[in-house]
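Each chain is listed here by its residues.
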Amino acid sequence: MSKRMLFIFNPLSGKAQIRTKLMDILDVFIKAGYQVEIHVTQRTLDARKVVEERGFDVDLIVGSGGDGTLNEIVSGIMGMERKPRVGYIPAGTTNDFAASHKIPRNMLRAAENIVMGTPCPVDIGTFNERFFTYVAAFGAFTDVPYKTPREIKAVLGHPAYILEAAKSLGGIKARHIVMETEKERYEGDVLVGMVSNANQIAGFKGLNGKNVRMDDGLFEVLLVENPQNILQLPEVVTSLLQNGHKSKLVRHFTASRVKFRFEEPAEWVLDGEFGGKRKEVVIENRYRAVQIMKMTHSLPKKS
C-alpha cells in the first residue's frame, strides 16, 4: 500500500531553482513508494490553507520554499489532532531552519533525507494566536528579511539583506519594554529582542550560543540593551558575532514562556516574515509539537 504525501512548493523562493529540479525530486518521492499530491503556492498564506484543507489524511507533508513557506505549513498542522510528519526542502535565501537542523541545501539531497530519514520531534512557538518554527524578533534590523524586495533577493541572495540593513542604520531606535518569564522580570530600553529555537538566525551562526537544542521545551532569549554611547557599539557587535565574548549590554537566557509589553506597538518578525505590530505579546513553547523528517547520520557522498 502506497504512502500519501502532500508536496507544497513556492516557485518564487530563492532563485527559483526548483523549476529545474522538480522532476528529479518527484522521482525520489515516487521511488520511495509515495503517492504524491502537488500544490504550487499562489499567494501569501496559501500553503497554510492547503494544509488545513488537504493535509489531514496524508502521511507526510513536504514543503519547498523559504522559512516563511515552512512556517505556513507548520501553522496549518498545529491545528490538527493527528499531525502528519513534515519534510523540508530549503529553497529560500538564508534557510535558517534547514541550517539549524542540518538539512542539506542541495535540493535532491534534501529530498533523499526526507524519504530515508527519521521523524525527529521539534519544539514550536506560539506567538499570541500565531506560530513560529525558529524565531520571533523585534527591533533593529529584524525587519530586513521581509522589507528586502523579492526581485533583489532572487538576484543577489544573502548580500541583499546586508544592503537593506545598511539602509536602515539611520532609523535605529531603542524601545522600552517590560518582559516577564517564569523565572524573572526585566524592564529597560532595548535595541533588539529575540526569542529563538535555532543555531542560525538571519544567516549568522552562534547568536544564542552553540549547540542549541531544538527539542528541550526551552527557547533561547536574547536582549540587546541600548548603548549609552557609540563607543559601546563594537562591544555589542563583537559579543553577538563572537561566541564567548561577553558584554553587559547583551543578555542571554532560556525560558519556556515569555511575555513582552511595549509603550507603543512594536513590529515583530516571525521566521523572516512580518508578524504584525503588537503592544503585548505572549510567547510559549509547544514541546516537541511537530515531527520533522531528517537524517540522524550523514548519507554517503555520491561518486
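Predicted model, so just to flag it, every value in this text is computed and none were measured. (Residues numbered from 1 in each chain as written. Predicted model: local features only at pLDDT ≥ 70, side-chain atom pairs only at ≥ 80, totals over all residues. Heavy atoms only, no water.)

J.: An account of the environment of Lys49 is needed here, citing residue identities and associated values.
T.: For Lys49, the position within the fold is in helix 2 (residues 46-54). Under the relative-accessibility criterion, Lys49 is labelled partly exposed at 45%. As for Lys49 and Ser75, which are separated by 26 residues in sequence, their C-alpha atoms are 9.6 Å apart. (Helix = DSSP H or I, 4+ residues; strand = E, 2+ residues; numbered from the N terminus. Buried < 20%, exposed > 50% of the residue type's maximum accessible area, 1.4 Å probe, protein only.)

J.: Could you give an account of the side chain of Thr133, with specific residues and numbers?
T.: The residue Thr133 is located in the loop between strand 6 (130-132) and strand 7 (135-139) in this model. On the accessibility criterion, Thr133 (4% relative accessible area) is buried. When neighbours within four sequence positions are excluded, Thr133 is seen to be in contact with Leu70, Asn71, Val74, Phe97, Asp123, Ile124, Asn197 and Asp271. (Contact = heavy atoms within 4.5 Å.)

J.: Report on the packing of aromatic side chains, specifying residues and quantitative values.
T.: How two aromatic rings sit relative to each other is given by the distance of their centres and the angle of their planes. For the coordinates displayed, the defined rule picks out 11 aromatic pairs. Between Tyr88 and Phe97, the ring centres sit 6.0 Å apart and the planes meet at 75°, which makes this aromatic pair edge-to-face. Neither residue differs from the other here; Tyr88 and Phe97 are each classed as buried. Between Phe138 and Trp268, the ring centres sit 4.9 Å apart and the planes meet at 55°, which makes this aromatic pair tilted. (Phe/Tyr/Trp six-rings, centres within 6.5 Å; stacked < 30°, edge-to-face > 60°.)

J.: Give a detailed account of the side chain of Asp123, specifying residues and quantitative values.
T.: Summarising the element assignment, Asp123 is placed in strand 5 (residues 118-127). As a buried residue without a salt bridge, Asp123 has its nearest oppositely charged side chain in Arg288, at a separation of 5.4 Å. Side-chain polar atoms of Asp123 contact the backbone nitrogen of Gly217, separated by 2.7 Å. Setting aside residues up to four positions removed in sequence, Asp123 forms contacts with Thr133, Asn197, Met214, Asp215, Asp216, Gly217, Leu218, Asn285, Arg286, Tyr287, Arg288 and Ala289. (Lys, Arg positive; Asp, Glu negative; His and termini not counted. Salt bridge = Lys/Arg side-chain N within 4 Å of Asp/Glu carboxyl O. Polar contact = N/O pair within 3.5 Å; in protein donor to acceptor, adjacent residues only side chain to side chain.)

J.: Residues and numbers for the pattern of salt bridges, please.
T.: Taken as a whole and assessed by the stated rule, the structure comprises 14 salt bridges. In this structure, Arg4 and Asp57 form a salt bridge, with 3.0 Å as the shortest nitrogen-oxygen distance. One end of the pair, Arg4, is in strand 1 (residues 3-9); the other, Asp57, is in the loop between helix 2 and strand 3 (60-65), with 53 residues separating them in the sequence. Under the relative-accessibility criterion, Arg4 is labelled partly exposed at 31%.

J.: I'd like a description of the pairing of strand 7, backed by residues and values.
T.: Among the five residues in strand 7, four count as buried, and that is most of the element. Judged from the five bridges that link them, strand 7 and strand 9 (residues 185-196) form a sheet pairing that is antiparallel. Residue pairing for strand 9: Phe138 is matched across the bridge by Gly193. With three bridges joining them, strand 7 and strand 14 (residues 257-270) adopt antiparallel strand pairing. Paired with Phe138 across the bridge in strand 14 is Trp268. (Pairing = 2+ DSSP bridges.)

J.: Hey, could you go over the nonpolar core for me, with residue numbers and the actual values?
T.: The biggest cluster of nonpolar side chains holds 55 residues, and the ones touching the most others in it are Phe7, Phe29, Ile89 and Val290. Look past the residues within four positions of Phe7 in its chain and what remains in contact with it is Ile18, Leu22, Ile25, Leu26, Phe29, Val36, Glu37, Ile38, His39, Val62, Ser64 and Ile89. With 22 residues, the next largest nonpolar core counts Phe127, Phe132, Ile177 and Phe262 among its residues. (Core = buried A, V, L, I, M, F, W, Y, C linked by side-chain atoms within 4.5 Å.)

J.: Which residues make up helix 3 (residues 67-77), and what are the values?
T.: For helix 3, the buried fraction is high: 11 of the 11 residues fall into the buried class. Inspection of helix 3 places Asp67, Gly68, Thr69, Leu70, Asn71, Glu72, Ile73, Val74, Ser75, Gly76 and Ile77 among the buried residues, and these make up the whole buried set.

J.: Which residues make up the packing of helix 2 against helix 3, and what values do they have?
T.: Interhelical geometry of helix 2 versus helix 3 gives an angle of 30° and a closest axis separation of 8 Å. On the basis of their axis angle, the class for helix 2 and helix 3 is roughly parallel. Here the hand of the crossing between helix 2 and helix 3 comes out right-handed. Here Asp46, Ala47, Arg48, Val51 and Glu52 of helix 2 lie close against helix 3, whose contacting residues are Thr69, Glu72, Ile73, Ser75, Gly76 and Ile77. (Axes fitted to C-alpha atoms, helices over the stretch in contact; angles between N-to-C directions. Parallel < 35°, antiparallel > 145°, perpendicular 65-115°, else oblique. Left-handed = near helix turned anticlockwise from the far one by under 90°.)

J.: How would you explain the pairing of strand 5 if you had to name every residue and give the values?
T.: In terms of residue burial, strand 5 counts as a mostly covered element, since seven of its 10 residues are buried. Where strand 5 meets strand 15 (residues 273-294), nine bridges bridge the pair, whose relative direction is antiparallel. Each residue of the ladder has a partner; that of Thr118, found in strand 15, is Lys294. Counting the residues that bridge the hairpin from strand 5 to strand 6 gives two residues, and of these Asn128 lies at a positive phi of roughly 50°.

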